[in-house]
Every structure is written in structure tokens, then in C-alpha cells.
Amino acid sequence: FPVTITGTGEILELDRVKFREILKQEGLPVIPHKVIKGLSALREHLKDKMDKWIKFSQFRGIKETFHWEDYFSSKYFLDDIALKAGVYQETMKFIVEEPMKGVEAAADWFAMDGKHLSEGMWGYENKDLGYVGKWSTLGNVPEPIRDVCLGLEDVMAEYGVRGMVSLETRVGEDGEPYCIDPCMRGPSPPSELMC
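Residues numbered from 1 in each chain as written. Predicted model: local features only at pLDDT ≥ 70, side-chain atom pairs only at ≥ 80, totals over all residues. Heavy atoms only, no water.

## Describing the sheet that holds strand 2 (residues 52-57)
Then, number 1: The antiparallel open sheet is built from 4 strands, whose spatial order is 1-4-2-3. Of all strands in the sheet, those bounded by a partner on one side alone are strand 1 (33-37) and strand 3 (66-68). Adjacent strand axes in the sheet meet at a mean angle of 30° when their direction is disregarded.
Then, number 2: With 5 bridges connecting them, strand 2 and strand 4 (residues 93-97) associate as antiparallel partners. The residue of strand 4 that forms the bridge with Ser57 is Lys93.
Then, number 3: Lying on the sheet, helix 4 (residues 71-85) is in contact with strand 2, strand 3 and strand 4; it crosses strand 3 at an angle near 140°. (Pairing = 2+ DSSP bridges. Helix = DSSP H or I, 4+ residues; strand = E, 2+ residues; numbered from the N terminus. Axes fitted to C-alpha atoms, helices over the stretch in contact; angles between N-to-C directions. Contact = heavy atoms within 4.5 Å.)

Structure below.
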């Protein structure tokens, strides 16, 4: 008998480590990544690394996802995190993702008890530059994006998701949909258009 955790949909967005575990459980693809606890461990891990994407789990307000180029040019990101996180810096969990070529797309939708309403918006984003979207029925959304939407409906129902939802997805060169971030809130800029 499934346990319902109603009204806690924000966990899907804030606990990015747990969300990747959920993706695996639901049979959805996950971008190769490593979870690292503590800023000191992250510094050590990144010393000889190039071209990674760093995400936070549970402390998203400190810094959004950022691109790690190399230690010389990106270490100031870590200094900024140390300053903002203070005593929490060694308890924070970080996700270090491999870069993945592909297209960033999203289903920007309203959901009621985890189920997508009949119409919504989907579109493509060029990170921090722009978004091109289309109002549509779920049946007319491109298959990779629709697969993520339908693949997460039961989980969203279990967590009592009601309201705007954006399932940001990177469709890789292999054609697989990798959900990179679930936003359990109005996405920007699509939500302004949806309203």
C-alpha cells in the first residue's frame, strides 16, 4: 500500500540527490554524476577536473547550477559558496554532472494531484538567453518530453503536486530525455506567458 506524502512536492525540486534516485526507480535516464558531501571534498574533487556542471541539493538559494570550466577560472564559485554557506558548507551535498550535448527542453504545465492538465506549454531554452514555447495538448508534445511528464506523474501524485510544474529536460544526442531539474513552481519566463 503506497504512502502518500501530500503537499510536499517541493522535495522533488529541492532534494536533487533524492530526485535522481527517483528517476532511476521510475526507469528514466539519469545524466552520469557524482554526489559529494561538503565543500572541502568538492574542492579536492574538482582540482584536476574540467567541464562539469555543479548543482546544489537543498541549498539552491546560495547559488544556482554553475559550469565548472577548470580550477583556475572557476574556483571563485567555491569561495563564494563558502562565504554564503558559512557553517553549513561541510554538510551540503553537491552533484557534479558530466556535460551532455543536446537540446534543453521543458514541459511547463499545470498539474493537479500529479496529473498534467489537458493543455499546457512546452518549449526550448537557451540557458539564460531565451525561451521559445508552444501552447499544446500533452498528446502533441514531442515524445521525449512527454515521456518525462508521464513517467513522473505517479511520483508527483504521491507527493501531492498541485500547481505549475516545469520539468526541465536535456534531450541528448542519443535521443534520450534526461530530466535535469524539476521545478515545482511557476517557471520563468514561461509562467508569465501561461497566465
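## Quick notes on the layout of surface pockets
Then, number 1: When its volume is computed, the largest pocket comes out at roughly 630 Å³.
Then, number 2: Looking at the largest pocket, it is lined by 35 residues, and the ones nearest its centre are Glu104, Glu125, Lys127, Glu168 and Ile180.
Then, number 3: Within the residue set of the lining of the largest pocket, elements represented by two or more residues are strand 2, strand 5 (102-112), strand 7 (119-126), strand 8 (130-137), strand 9 (163-172) and strand 10 (177-183).
Then, number 4: Looking at the lining of the largest pocket, its residues break down into 14 nonpolar, 7 polar and 14 charged. (1 Å grid on protein atoms, 1.4 Å probe; cavity = no way out; pocket = protein on both sides within 12 Å on 5 of 7 lines; lining within 4 Å. Points joined across faces, edges and corners; volume = space filled by probe spheres on them. Nonpolar A, V, L, I, M, F, W, Y, C, P; charged D, E, K, R; others polar.)

## A few points about the side chain of Ser57
Then, number 1: Relative to the helices and strands, Ser57 resides in strand 2.
Then, number 2: Reaching out from Ser57, the side chain makes a polar contact with the side chain of Asp15 at a distance of 3.2 Å.
Then, number 3: Separated by 3.3 Å, the side chain of Ser57 and the backbone nitrogen of Val17 make a polar contact.
Then, number 4: Those residues within four positions of Ser57 in sequence are excluded, and the remaining contacts are Leu14, Asp15, Arg16, Val17 and Lys93. (Polar contact = N/O pair within 3.5 Å; in protein donor to acceptor, adjacent residues only side chain to side chain.)

## Let's talk about the pairing of strand 9
Then, number 1: The element strand 9 is largely enclosed, with a buried count of 9 among its 10 residues.
Then, number 2: Pairing of strand 5 with strand 9 involves 10 bridges; the strand directions are antiparallel. Bridging across to strand 9, Trp109 finds its partner in Val165.
Then, number 3: Connecting strand 9 to the next strand, strand 10, in antiparallel fashion are 4 residues, including Gly175 with a positive phi near 85°. (Buried < 20%, exposed > 50% of the residue type's maximum accessible area, 1.4 Å probe, protein only.)

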